[in-house]
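The lines below spell out each chain.
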Amino acid sequence: DAGITQSPRYKITETGRQVTLMCHQTWSHSYMFWYRQDLGHGLRLIYYSAAADITDKGEVPDGYVVSRSKTENFPLTLESATRSQTSVYFCASSIDGQIEPNYGYTFGSGTRLTVV
Amino acid sequence: GQSLEQPSEVTAVEGAIVQINCTYQTSGFYGLSWYQQHDGGAPTFLSYNALDGLEETGRFSSFLSRSDSYGYLLLQELQMKDSASYFCAVETGNTPLVFGKGTRLSVIA
């Protein structure tokens, strides 16, 4: 079934380790996004991509790296994980830069990351 | 930049009506979206308003006043399954959605 999938679902890593969160979508949506969700902060944008090989920073990009070599994949890498990066990470996609009135953004199931 | 304000918590009785308000400050406003998120789940799209007025989708309605920079989500005939967090989000052209901090709705019997 088509959709947007994230892996892993849960991850525990140690401070200083590099970790990559995967995001894959099968709709060929142009736009993909990474948000983190923390209590009291809602959803905050980390990075986004308008198309393959085009990425841009969001509100909280420090400590993260993204790439988008293929339209369907948008991995998020924590170069050297810190405890403050313990969070739930959501990947999302949309058809284009403007909201489709009947669809909005479609989110993956999320990755719950704990940095110890 | 953009900012959104919505109540952090709302409690309502099963079968009743509840309104969740959202005020925003932004430049280049295109529209206001609403998302629902159950505990442990992903946000899911509920509605989108680009023009002033009320949009109805079943038990849920969403309202927008562009002149007041204000919108609300109205949930009617509340059910226990409506207990969730609700986020408003502003769209400003080709930049990603900016989300509010969310309103946790608790439906009680």
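In this text the structure is predicted, and so the values were computed from the model without any measurement.

**Considering the overall build of chain A**
In step 1: Summing up its helical and strand segments, chain A has 0 helices and 11 strands in all.
In step 2: On the principal axes, the C-alpha backbone points of chain A span a range of 40 × 30 × 30 Å.
In step 3: Scored against the burial criterion, the 116 residues of chain A give a buried share of 47%.
In step 4: By sequence separation, contacts in chain A at least 24 residues apart represent 56% of the contacts at least 6 residues apart.
In step 5: Of the roughly 5700 Å² of accessible surface on chain A, 47% is carried by carbon and sulfur atoms.

**Points about the confidence of the model for chain B**
In step 1: Chain-level statistics for chain B give a pLDDT mean of 94 and a share of 99% at 70 or above.
In step 2: Per-element confidence in chain B is highest for strand 8 (residues 70–75) of chain B, whose mean pLDDT is 98, and lowest for strand 10 (residues 95–99) of chain B, whose mean pLDDT is 89.

**Here's the deal with the nonpolar core**
All names here are of chain B.
In step 1: Ranked by internal contacts, the top residues of the largest apolar core, which has 21 residues, are Leu32, Leu75, Tyr86 and Leu105.
In step 2: Looking at this core, the elements with two or more residues in it are strand 2 (9–13), strand 3 (18–25), strand 4 (31–37), strand 7 (60–65), strand 8, strand 9 (84–92) and strand 11 (103–108).
In step 3: Not counting chain neighbours up to four residues away, the residues in contact with Leu32 comprise Leu4, Cys22, Tyr24, Ser47, Tyr48, Asn49, Leu64, Gly71, Cys88, Ala89 and Val90.

**Observations concerning the state of the cysteines**
In step 1: Tallied over the full model, the rule gives 2 disulfides over all chains.
In step 2: One disulfide bridge connects Cys23 of chain A with Cys91 of chain A, the sulfur atoms lying 1.9 Å from each other. Looking along the S-S bond of the Cys23 of chain A-Cys91 of chain A disulfide, the torsion reads about -75 degrees, which is the left-handed sense. Residue Cys23 of chain A is found in strand 3 (residues 19–25), and its partner Cys91 of chain A is found in strand 9 (residues 87–94); the two are separated by 68 residues along the sequence. Across the pair, exposure class does not vary: Cys23 of chain A and Cys91 of chain A are buried alike.
In step 3: Sulfur-sulfur distance for the disulfide between Cys22 of chain B and Cys88 of chain B comes to 2.1 Å. Of note, the bridge from Cys22 of chain B to Cys88 of chain B carries an S-S torsion of about 75 degrees and is right-handed in sense. In this pair, Cys22 of chain B is assigned in strand 3 and Cys88 of chain B in strand 9, connecting sequence segments 66 residues apart. In this structure, Cys22 of chain B and Cys88 of chain B share a single accessibility class: buried.

Reading the values: the criteria
- Residues numbered from 1 in each chain as written.
- Chains lettered and ligands numbered in written order.
- Predicted model: local features only at pLDDT ≥ 70, side-chain atom pairs only at ≥ 80, totals over all residues.
- Heavy atoms only, no water.
- Helix = DSSP H or I, 4+ residues; strand = E, 2+ residues; numbered from the N terminus.
- Buried < 20%, exposed > 50% of the residue type's maximum accessible area, 1.4 Å probe, protein only.
- Contact = heavy atoms within 4.5 Å.
- Areas by Shrake-Rupley, 256 points an atom, 1.4 Å probe, with all protein chains shown as cover.
- pLDDT = per-residue confidence, 0-100.
- Core = buried A, V, L, I, M, F, W, Y, C linked by side-chain atoms within 4.5 Å.
- Disulfide = S-S within 2.5 Å.

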